[in-house]
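Residue-level listing of the chains:
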Amino acid sequence: MRVPLERKVLNENDRIAATLRERFHSHGTFCLNLISSPGSGKTSLLERTLEGFDPARRIAVLTGDIQTDNDARRLARFGFPVRQITTGGACHLDARMIERALADWPAEQFEILFVENVGNLVCPTSYDLGEEARAVLLSVTEGEDKPLKYPATFHHADVMVLNKIDLLPYVPFQAAVACENARRIQPEIEILEVSCTTGAGLERWREWLERQMRRSKPISPPKREDAEEHEK
Amino acid sequence: MSIAAAVLDAVRAETALRPGARATRAGLRIGELSGVETESLRFCLETLVSGTDLDPLAFDFEFCPWTRRCRACAITFRVADYNPACSSCGSADTEAAGGAQMELSYLELEEP
């Protein structure tokens, strides 16, 4: 007997991710999932991002690696709460790992929760972590055709951060070709060019973050005058 | 491998809804943009099934192409050569339609 089904293979992960997303939404937390190959500069981007924030801001980081807590130690220097998720072999984070990491953390107090995924351009793509937005990093020491070679990752990304642009004079990388390739896969993708070494482009990156954060604020009931305005 | 494990969890969960039934074949729908390579997934599935209660479960894969929908002429088209523009009218105003699927589409069951 053949039983037709429409069951998503990762429906248990998706269920936990939906619960996390609901939790983030209700508290106005902007959760960003950072994905890239190893060595594209996820941790460096987070270092430069954290050092630019007022220490009073409520920012937190979950950082995933197969082994070591090196990234958490690098990021903890900036005084914001950081927690390492060591996957012990798994090449990606999943929603249950995020749920466990947040179990005894006051996640509702965070304005931004950065989730640095395991360095891998394939497997993290399939796993929804409950994030509000997904950023993919590409660096100029890689190939311009990476968006074409890993289309799933770029297709699901909201923003591409092109990192290490200070090296452009020394490498044959053609930034315009890389950007065109990313837009062929995901025409709506935003693209930000940065250098975590010189700081170039980081202001635009921070502006992008602040814009996303404003969008993540919990929806409050309209003020009385707004409601009246609406009725007119 | 974790996707293969999730497939088998889904097979077991769906089979358990029908007491006494035994799954003999599972249909999987895999999209071009899912990030899953079907032959690798088949290898992982066969490895995980071997010697378990599910052995000898067979798998069928249905490939789902990468498609976009045109907002101008409303057709859904297959994306070729990474070109997101409409294959019919040429409009660049298109949106994602399909290709990300990773679904258990059917089970063949033997019932007592």
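As a starting point, this report considers the structure included with it. As the structure is a prediction and not an experimental result, all values here were calculated from the model. Here the residue index of a chain counts from 1 through its sequence in written order. Here every chain gets a letter starting at A, and every ligand a number starting at 1, in the order they are written. Selection of residues for local features in this predicted model requires a pLDDT of at least 70, selection of side-chain atom pairs for listing and counting requires 80 or more, and totals for whole chains, interfaces and linings are taken over all residues.

## Concerning the overall build of chain B
Consideration 1: For helices the rule is a DSSP run of H or I covering at least 4 residues; for strands it is a run of E covering at least 2, with both sets numbered from the N terminus onward. Within chain B, the secondary structure is distributed over 2 helices and 6 strands.
Consideration 2: Helices and strands appear in chain B in the N-to-C order α-β-α-β-β-β-β-β.
Consideration 3: Every radius of gyration here is taken over C-alpha atoms, with the globule rule written as 2.2 Å times N^0.38, N being the number of residues. In terms of C-alpha radius of gyration, chain B reaches 18 Å, well past the compact-globule figure of 13 Å for 112 residues.
Consideration 4: Counting only C-alpha atoms, chain B reaches 55 × 25 × 15 Å along its principal axes.
Consideration 5: Exposure is read from a count of other C-beta atoms within 10 Å of each residue's own; the residue is exposed at 12 or fewer, buried at 20 or more and partly exposed in between. C-beta atoms are placed from the backbone. Each of the 112 residues in chain B was classed as buried or not, and the buried ones make up 32%.
Consideration 6: Summarising the internal contacts of chain B: among those between residues at least 6 apart in sequence, 68% fall at separations of at least 24. Throughout, a residue-residue contact means that the two C-beta atoms, derived from backbone geometry, are no farther apart than 7 Å.

## Considering the packing of helix α1 (residues 2-16) of chain B against helix α2 (residues 38-49) of chain B
All names here are of chain B.
Consideration 1: In this analysis, axes come from line fits to C-alpha atoms, helices being fitted only over the stretch in contact, and the angle between any two N-to-C directions falls in the range 0 to 180 degrees. Two numbers describe how α1 lies on α2: the axes approach to 9 Å, and their chain directions differ by 60 degrees. When the axis of α1 is compared with that of α2, the two are oblique. When the axes of α1 and α2 are compared, the crossing they make is right-handed. Together, Ile3, Ala4, Ala5, Val7 and Leu8 of α1 and Leu41, Cys44, Leu45, Leu48 and Val49 of α2 make up the contact between the two elements. These descriptions rest on fixed angle ranges, namely under 35 degrees for roughly parallel, over 145 for roughly antiparallel, 65 to 115 for roughly perpendicular, and the rest for oblique. Left-handed describes a crossing whose near helix is turned anticlockwise from the far helix through less than a right angle; right-handed describes the clockwise counterpart.

## Let's talk about the packing of helix α1 (residues 11-27) of chain A against helix α4 (residues 95-102) of chain A
Residues and elements named next belong to chain A.
Consideration 1: Taken N-terminus to C-terminus, the directions of α1 and α4 make an angle of 40 degrees; their axes are 8 Å apart at the nearest point. It follows that α1 is oblique to α4 by the angle criterion. For α1 against α4, the interelement crossing comes out left-handed. Residues Asn13, Ile16, Ala17 and Leu20 of α1 lie in contact with α4, whose contacting residues are Ala95, Arg96, Ile98 and Glu99.
Consideration 2: Residues of the contact of α1 with α4, tallied by class, amount to 5 nonpolar, 1 polar and 2 charged. Side-chain classes are defined by residue name, with Ala, Val, Leu, Ile, Met, Phe, Trp, Tyr, Cys and Pro counting as nonpolar, Asp, Glu, Lys and Arg as charged, and the others, Gly among them, as polar.

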